[in-house]
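Given next are the chains, with one letter for each unit.
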Amino acid sequence: MTRPSPFGHPFLLGFDEIEQALDRVSKAASDGYPPYNIERIPRAGDAPERLRITLAVAGFTLDQLDVTLEESQLVVRGRQVDDKARQFLHRGIAARQFQRTFLLADGMEVLGADLSNGLLSIDLVRPEPERIVRKIAIAARD
């Protein structure tokens, strides 16, 4: 049995990609590591509203983190390797790897990333859409 799509309505034309994006997001949301926040930073003056993604990446160094933009996806990867020379009496902090993906809307731009005190912050800008009104000519056919 197939589930009915909310985007199958005849008035919603060209929204197939949104449905596919929602499916991808629901599959990727199951992993909880690393924890993250997404905050809205209000506009200041003429600057547009920004978003900031902050990931808790304590123990990762700058060279162990990778932030890439792959089409409309922001991908954050972290890779730690076990140091075989170290001898632990107790090990409660594991060396791990992670990949966290954020699907960005069309037009979203990544301003930059910053690592400070174990927190990786990535700033995004949501530019104001240009309001376009265009008159469509109607051809008369007799």
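Here is what the cut-offs are and how they apply
Along each chain, residue indices are assigned from 1 in the same order as the chain's sequence is written. Where local features are concerned, this predicted model is filtered to residues with pLDDT of at least 70; where side-chain atom pairs are given and counted, the filter is 80 or more; whole-chain, interface and lining totals use all residues. To obtain the side-chain values, all non-hydrogen atoms of the structure were used and water was disregarded. UniProt positions are given in the numbering used here, feature names are shortened, and annotations may be inferred rather than shown by experiment. The classification of residues rests on relative accessible area computed with a 1.4 Å probe and restricted to protein chains. Under 20% of the type maximum is buried, over 50% is exposed, and intermediate values are partly exposed. In this description a helix means any DSSP run of H or I spanning at least four residues, a strand means any run of E spanning at least two, and both kinds are numbered starting from the N terminus. Strand pairing follows a simple DSSP-based rule, namely that at least 2 bridges must link the two strands. Between N-to-C directions, angles span 0 to 180 degrees; the directions come from axes that are lines fitted to C-alpha atoms, helices contributing only their stretch in contact.

In the annotation of an unreviewed UniProt entry, the entry for the protein chain reads Small heat shock protein IbpA, and the organism field reads Methylobacterium organophilum. The UniProt entry for the protein chain carries the following comment under Sequence similarities (unreviewed entry): "Belongs to the small heat shock protein (HSP20) family."

Participant: What should I look at first to understand the pairing of strand S5 (residues 97-103) in this one?
Facilitator: With burial as the criterion, only one face of S5 is covered, namely that bearing Phe-98, Arg-100 and Phe-102; the residues Gln-97, Gln-99, Thr-101 and Leu-103 on the opposite face remain uncovered. Note: strand S4 (residues 73-79) against S5, 7 bridges, orientation antiparallel. Bridge pairing in S5 places Arg-77 opposite Gln-99.

Participant: What is the right way to read the sheet that holds S5 from this model?
Facilitator: Backbone-to-backbone hydrogen bonds join strands into a sheet, with any given pair of strands oriented parallel or antiparallel. Sheet architecture is open: 3 strands sit in the order S3-S4-S5, paired in antiparallel fashion. Because the sheet does not close on itself, it has two edges, and the strands there are strand S3 (65-70) and S5. Shown here is a sheet whose adjacent strand axes are inclined to one another by a mean of 15°, direction ignored.

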